[in-house]
Amino acid sequence: MTASASAPASARLSARIGGIAESATLAVDAKAKALKAQGRPVIGFGAGQPDFPTPGYIVEAAREACGQRANHGYTGAAGLPELREAIAEKTRRDSGYAVEASQVLVTNGGKQAVYSAFAALCDPGDEVLLPAPYWTTYPEAITLAGGVPVQVTADESTGYLVGVEQLEAARTPRTKVLLFNSPSNPSGAVYPRDQVEAIGRWAAEHDIWVVTDEIYEHLLYDGAEAPSLPVVVPEIADRTLVLNGVAKTYAMTGWRVGWVIGPDDIIKALSNFQSHLCGNVSNVAQRAALAAVAGPLDAVHEMHAAFDARRREIVPLLGDIPGVECPTPQGAFYAYPSVKGLIGKELRGQRPQNSVELAALVLEHAEVAVVPGEAFGTPGYFRLSYALDAEDMVTGVQRMGEFLREAE
Ligand code: PLP
């Protein structure tokens, strides 16, 4: 081993890569799995993925694609033409946003779509307004692309929704982009139409780009709607990138297919970037995604019904725990309760000073894995994904509740 190889990673890595934090949600999941492997009966609320298999007809399309010679070689960087067309068609169908296939870039999952969007828009020092609580990947992708995340925080008093006044207070001459995510991971919050409109108009007025992540578009409850921002405010369409993917709607997290929709010239530039970065997204996965987006929404309706039933069960159970306050989420499959009432209380001889410490105690003593709010820019909260078996969900929350009731 050379001397430099034995130096700490921080000294060997570039600042850009060395500065990336491990995904907190994946870390919780890994810790829960490690404890389970030791035989501990851990119930994990960490994973942000549907607990359903990919529908059979989608898997079948992939199986068939494996046998086709055309799928064995490289293909165009922006995605299979049929898939780009189907995504444009699906977008017109689902959100009423009239886009052409040339405006679609197929990416390796929504995650690569997030990174590509910020790589396309950010020069060093450009500021990105980031409503918090935010999905843990956004600040990392912004920073990696050279941008500067500027957090704009909302709490449970506004249902985790930021207002135009808050955004305006955070705006500077360097503000280039606003990140918008509705329904939201981690809070499950959904922006009503009038707020989408107010935010879109404000962004248009100040020539701010919008990156809007619509990956949870079909997971809406209690009659909530999540209108697409460039549909509500058409004048901002040429300064908007829409992000989406098959992961959450069709239970396809492992297939890694997402997309960016934007103006032709941006998509062409991102296609050039992608041609050097990864060539093309796996053809077999793209064929599976084509079967998904061109097909019916029946599978998502079934999953939706299951998520909704669990949501109705988990929210009151959480709200009943002293020190825990849980607004009712209207989208996605997460509950995001405040646990601020428990910070500093005594629990089995310890006084947790933040939600990371509290989550560690819950894992150790109740054998329940939750993601602390620090991962989403807002300490004092837990994120619980209810994309898990309904019985496990109830047992897990009850176990956590019993433990937290010991706090004094
Ligand atoms: N956007 C949001 C808000 C998410 O929660 C996720 C996944 O957790 C993604 C995008 C990316 O999903 P994937 O990369 O699995 O397509």
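The coordinates are above.
Here the structure is a predicted model, which is why all the values come from computation and not from measurement. (Residues numbered from 1 in each chain as written. Predicted model: local features only at pLDDT ≥ 70, side-chain atom pairs only at ≥ 80, totals over all residues. Heavy atoms only, no water.)

**Q** For this particular structure, what's the right way to read the pattern of salt bridges?
**A** In a structure, side chains of opposite charge can pair up when their charged atoms sit close to one another. Tallied over the entire structure, the rule returns 22 salt bridges. Here Glu225 ties to Arg193 by a salt bridge, and the two come within 3.6 Å at their closest N and O atoms. A residue pair is termed long-range when its members are at least 10 positions apart, and Glu225 in the loop between β6 (209-213) and α11 (229-232) and Arg193 in helix α10 (residues 193-205) qualify at 32 residues. The class for Arg193 is partly exposed, based on a relative accessible area of 43%. Across the salt bridge formed by Asp308 and Arg312, the nearest N and O atoms sit 3.4 Å from each other. One end of the pair, Asp308, and the other, Arg312, are both in helix α14 (residues 298-319), four residues apart, so they sit about a helical turn from each other. Overlapping salt bridges bring together Lys90, Arg93, Asp94 and Glu217 as one network. (Salt bridge = Lys/Arg side-chain N within 4 Å of Asp/Glu carboxyl O. Helix = DSSP H or I, 4+ residues; strand = E, 2+ residues; numbered from the N terminus. Buried < 20%, exposed > 50% of the residue type's maximum accessible area, 1.4 Å probe, protein only.)

**Q** Please clarify how the site of the ligand should be interpreted in this entry.
**A** Around the ligand there are 13 residues in total, and Gly110, Asn185, Asp213, Lys248 and Arg256 lie nearest to it. Take Lys111: an N or O atom from its main chain is 2.9 Å from an oxygen atom of the ligand. Measuring from an oxygen atom of the ligand, one finds a side-chain N or O atom of Arg256 at 2.7 Å. Protein contacts shield 93% of the accessible area of the ligand, which totals 390 Å² for the unbound molecule. Considering every element that reaches the shell around the ligand, the biggest residue donor is helix α7 (residues 109-121), with three residues. (Near = heavy atom within 4 Å. Polar contact = N/O pair within 3.5 Å; in protein donor to acceptor, adjacent residues only side chain to side chain. Areas by Shrake-Rupley, 256 points an atom, 1.4 Å probe, with all protein chains shown as cover.)

**Q** In this structure, what is going on with unusual backbone geometry? I would like to understand it.
**A** Excluding glycine, most residues fall at negative phi; most peptide bonds, likewise, are trans. With omega at 5 degrees, the peptide bond leading from Ala132 into Pro133 counts as cis. With respect to the element layout, Pro133 can be found in the loop between β3 (127-132) and α8 (137-144). Of the consecutive residues Asn185 and Pro186, the connecting peptide bond is found in the cis state with omega at 25 degrees. Within the secondary structure, Pro186 is located in the loop between β5 (175-181) and α10. For Ala251, which is not glycine, the phi torsion reads 55 degrees and is therefore positive. Overall, Ala251 belongs to the buried group, its relative accessible area being 8%. Here Ala332, not a glycine, exhibits a phi torsion of approximately 60 degrees, which is positive. Note on placement: Ala332 falls in the loop between α14 and β9 (334-335).

**Q** Sorry if this is basic, but what is going on with the state of the cysteines here?
**A** A covalent bond between the sulfur atoms of two cysteines is what we call a disulfide. Going through the model one piece at a time under the given rule, you end up with zero disulfides. Cys66 takes part in no disulfide bond, and the closest cysteine sulfur to it belongs to Cys278, at a distance of 19 Å. Its relative accessible area of 29% is what places Cys278 among the partly exposed residues. (Disulfide = S-S within 2.5 Å.)

**Q** Looking at this model, I keep getting lost on the sheet that holds strand β11 (residues 371-372). Mind explaining?
**A** Whether parallel or antiparallel, the strands of a sheet pair through hydrogen bonds between backbone atoms. Spatial ordering of the open sheet is given by β9-β12-β11, a layout of three strands whose pairing is antiparallel. Two strands in the sheet have a free side with no partner beyond their single neighbour: β9 and β11. Each of β11 and β12 (382-385) touches helix α15 (residues 355-366); the most contacted strand, β12, lies at about 45 degrees to it. (Pairing = 2+ DSSP bridges. Contact = heavy atoms within 4.5 Å. Axes fitted to C-alpha atoms, helices over the stretch in contact; angles between N-to-C directions.)

**Q** Is there a simple way to explain the packing of α15 against helix α16 (residues 390-404) in this structure?
**A** The packing of two helices is summarised by the inter-axis angle and the distance between the axes. The geometry of α15 relative to α16 is characterised by a closest axis approach of 10 Å and an angle of 110 degrees between their N-to-C directions. Overall, the two elements α15 and α16 adopt an arrangement that is roughly perpendicular. Of the residues in α16, those touching α15 at Leu358, Leu361, Val362, His365 and Ala366 are Arg399, Met400, Phe403 and Leu404. Looking at side-chain class alone, the contact of α15 with α16 contains seven nonpolar, one polar and one charged residues. (Parallel < 35°, antiparallel > 145°, perpendicular 65-115°, else oblique. Nonpolar A, V, L, I, M, F, W, Y, C, P; charged D, E, K, R; others polar.)

**Q** How do you make sense of the sheet that holds β5 when you look at a structure like this?
**A** Strand order in the open sheet formed by seven strands is β2-β8-β7-β6-β5-β3-β4, with mixed pairing between adjacent strands. With partners counted over all chains shown, the strands left at the sheet margins are β2 (104-107) and β4 (148-153), one partner each. Direction aside, neighbouring strands of the sheet carry axes that sit 20 degrees apart on average. Where β5 lies against β6, five bridges are found, and the strand directions are parallel. In the sheet register, Phe180 faces β6, and the bridge partner there is Thr212. The sheet contacts of α10 involve β3, β5 and β6, and relative to β5 the element is tilted by about 165 degrees.

**Q** Even after reading the chapter, I still don't get helix α12 (residues 264-277), so can you show me in this structure?
**A** For an α-helix, 3.6 residues make a turn, and residues three or four places apart therefore share a direction. End to end, α12 covers 20 Å across 14 residues, agreeing with the expected 20 Å (1.5 Å per residue, within 8%). Turning to α12, its buried residues are Ile266, Ile267, Leu270, Ser271 and Gln274. Relative to the axis of α12, the buried residues are bounded by an arc of 140 degrees and lie together on one face. Among the exposed residues of α12, those pointing more than 90 degrees away from its buried face are Asp265, Lys268 and His276. (Expected span 1.5 Å × (residues − 1). Arc of directions from axis to C-beta.)

Don't take any of this as a statement about function, it's just geometry.
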